[in-house]
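# Secondary and tertiary structure notes
So the chains spell out like this:
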Amino acid sequence: MAIAAETQTGGRDRAVARVTFLWLATGGALLVVLALAGLMLRITQGFGLLSARWFYAFLTLHGTGMVGVALTTIAAAYWYVMSRALPLSPKVMFVAYLLTLVGALLIVAATLIGRFGTGWTFLYPLPSTPGPVPGWSGWAAAVFLVGLALVVVAFALWSLDFLRAGIVRFGGLGRMLGLDILSGKRSPGPDTTDPSIIAGTVVAIGGVAAAVPGAVIVGLELANLAAPSFTFSALLAKNLIFFAGHMLVNVQIYLGAGLVYAILPEYARRPWKASRVLVIAWLVTALFVMLAFFHHLYQDFAQPTALQVVGNVASFGVGFPPIVVTIFGGVLLVFRSGIRWTAAPIFLYAGLAGWAIGGFAAEIDASPGVNQYLHNTLWVPAHFHTYMALGVVLFILGAVYHVVPRLTGKGLSEPLGRAAAWPIILGGWGLVAAWYASGVDSLPRRYAISLPGFQYMAKIGSVFAAIVAVGVLVVFWDFARVLTGRGLGARATPGS
Amino acid sequence: MSRIALLSESSTAPRRVRTEAVWDVVVAGLLAVAAGPSPLGIRMADSSLAVHMLAEHSLLLLAGALGGPALLRLAGGSRPDRRRALGWCLAALALVGLWHVPGAFGAAIRHQPLHALMHLSYVAAGALLAVGLAAVGPFDRAVLFAASQGAMGTLALAMASGAVAYPGYPPGATRSAGVAMFVGMQLAMAVVVAGPRLGSLWRTRRMAIPVAGSLGAAVALSVVFAGLT
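Small disclaimer: the values here were computed from a predicted structure and weren't measured. (Residues numbered from 1 in each chain as written. Chains lettered and ligands numbered in written order. Predicted model: local features only at pLDDT ≥ 70, side-chain atom pairs only at ≥ 80, totals over all residues.)

## Topic: the overall build of chain B
On a plain count of helices and strands, chain B comes out with 10 helices and 0 strands. When the elements of chain B are put in sequence order from the N terminus, they spell out α-α-α-α-α-α-α-α-α-α. Taken over 229 residues, chain B has a buried fraction of 39%. At a minimum sequence separation of 6, the contacts of chain B that also span at least 24 residues come to 79%. (Helix = DSSP H or I, 4+ residues; strand = E, 2+ residues; numbered from the N terminus. Buried ≥ 20, exposed ≤ 12 C-beta atoms within 10 Å, placed from the backbone. Contact = placed C-beta atoms within 7 Å.)

## Section: the confidence of the model for chain B
Residue and element names in this part refer to chain B. Summary statistics for chain B give a mean pLDDT of 84 and a share of 88% for residues scoring 70 or more. Here helix α9 (residues 195-201) stands out as the element of chain B with the lowest mean pLDDT, 63, in contrast to helix α4 (residues 82-98), whose mean of 93 is the highest. Overall, residues 1-10 carries pLDDT values under 50, and its contacts beyond four positions in sequence, including any with other chains, amount to 0 contacts. On the interface metric, ipTM, the complex scores 0.86, and its pTM is 0.89. (pLDDT = per-residue confidence, 0-100.)

## Topic: the interface of chain B and chain A
Contact residues are listed per partner, giving 27 residues for chain B and 34 residues for chain A. Mapped onto the side of chain B that touches chain A, the elements with two or more residues apiece are α7 (138-160) and α8 (171-193) of chain B.

## Description of unusual backbone geometry
All names here are of chain A. Backbone torsion omega between Y124 and P125 reads 5°, so that peptide bond is classified as cis. With respect to the helices and strands, P125 occurs in the loop between α3 (90-113) and α4 (138-170). A positive phi angle is found at F122, which is not glycine, with a value near 35°. Mapping F122 onto the fold places it in the loop between α3 and α4. On the basis of neighbour count, F122 is assigned to the buried category, with 21 C-beta atoms found within 10 Å.

Shown next, in the form of structure tokens:
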């Protein structure tokens, strides 16, 4: 009986490893391609490379692809780390992988073959009404929408499986969120939830909830493409797109926090336990995570002013509590711990900085009075690239350096990883600094050609983006060596 | 001594359960009357769409949620199985959703009997949800909760953006009600997550008499004042 159980566990472990390996390999390759697409956009704005039509197709590919692939890749890394603590299903994860892969390929086809170029926001009626110069045909819009829907369905499946596994382990949503710790019924320990699971639970609730408005808006837009006489409110479309879209972007950083909670303690050799303060912080985030997107709608004056008030309060409420508890927790965890700064903790720790600073820049823009000036300027890509490229992507890289030796028995090169961290982090900060400065100058975003006199900002940004690309390619090259069985021998313990 | 205590407990327990269930039904009934046909309820419906949809209908749902399980206990009914319980939950959500269709809501505003039917539907939906949610598993509850967050949010946004308008109220009222509903659903989330704990805060023996007294007095006073004015 014991042997059978062991074999079963061994079989599950192998399945978990196989699915994670597939995810990381595919996600890594896609992220590199999408990052290079982003580099081309910046070069176009600085030096002129792509025609306007191609610029918008690449913009759509880069934006949508990064959001979708980063979400599912960081979810996969988190899933692997959590698979020891929770009975997560490799089968469900494999189905989610296939859906994401097909979805990503459809988005690539819609943008690179069909030249669909609305940007990731696909605001109605743009998909069915490209404008006086025909930019794309109906099939490209339909393929894009279906591709995006598949990625959202994949994440909803991930979320459902996480909730199922968490409830099997803890018995209910309340205990997954740490309500028993909050009420003092239980002290944090092996029988209670931990910070990673709390963060993951907030994400999973958001993932299921976001699927509903996502399905409604994709359905409405597909119906409009099939029968142009069927029309609906453009403002409703914008609301639904940002309700689902903002939440799916927002939760990625929480998965990153979950990874930090789970991985960093192994390097610091100190536990990161749940506390009442941490539980309260995440409950506040859970309350506000669905309301924060209102800050995208400040300029839509047809909607009530109350919306701006709610958006302002919720934006601050959703960001600050987890940032504060996580940053303070992280600093205290590492302080005098004797941590050895290998590539994994370097990327994870640097990712915390990206989250904190990008989050703060987002809060600035989420204040209605400031948004009046920064709305749709390059401040917006500045802040979201700070917590996406310098937050989520760095968390993914940290997780890759931590997970790959356990998956493959072969380690990535530490000297190469540490060396690559410099261009990625410094180049990344240079890239976003150019955007922040452009935003303060009120330069509009999503312009294929920079305004006269301001191209130098895009040129500076391009140089820094190229520096990032060098670092990313070094890591990817090393990763590819491991995938093809040519990596270094595995390290036994973290940081050794 | 302990045997005597056990014997007396076992003989009084069913009676106590029955008495508590009766009190729960009384409180639920008074709450439904206060929020529904009483001058208080009519005032709530007339004041604004947000108060009508959010406050009044939530109170009616609450009345059903308190009274439904108590009635089931009084009738000696047993917990439904998972499939039936899920069906009850979905039926309750469909019932609530139905009255959010502008045509149905507008008709209820115009015709008093339909308005009463709408309010009764909310009480029934509260009862179905309370009994159903207690009988389904924690995973079903989590999924129902997260998915209904998304669905309620979608409807709230349809109202806030002006895509949906309710006859009988000015368009601005629908937009404001949409924002209020979006915020309200977050509060509902807190209630659902903390549900079992909040439920255990209700102590029929200690709280039913003062709450019933307060509700009864409020209804009586509102009737008197409505008569005077």
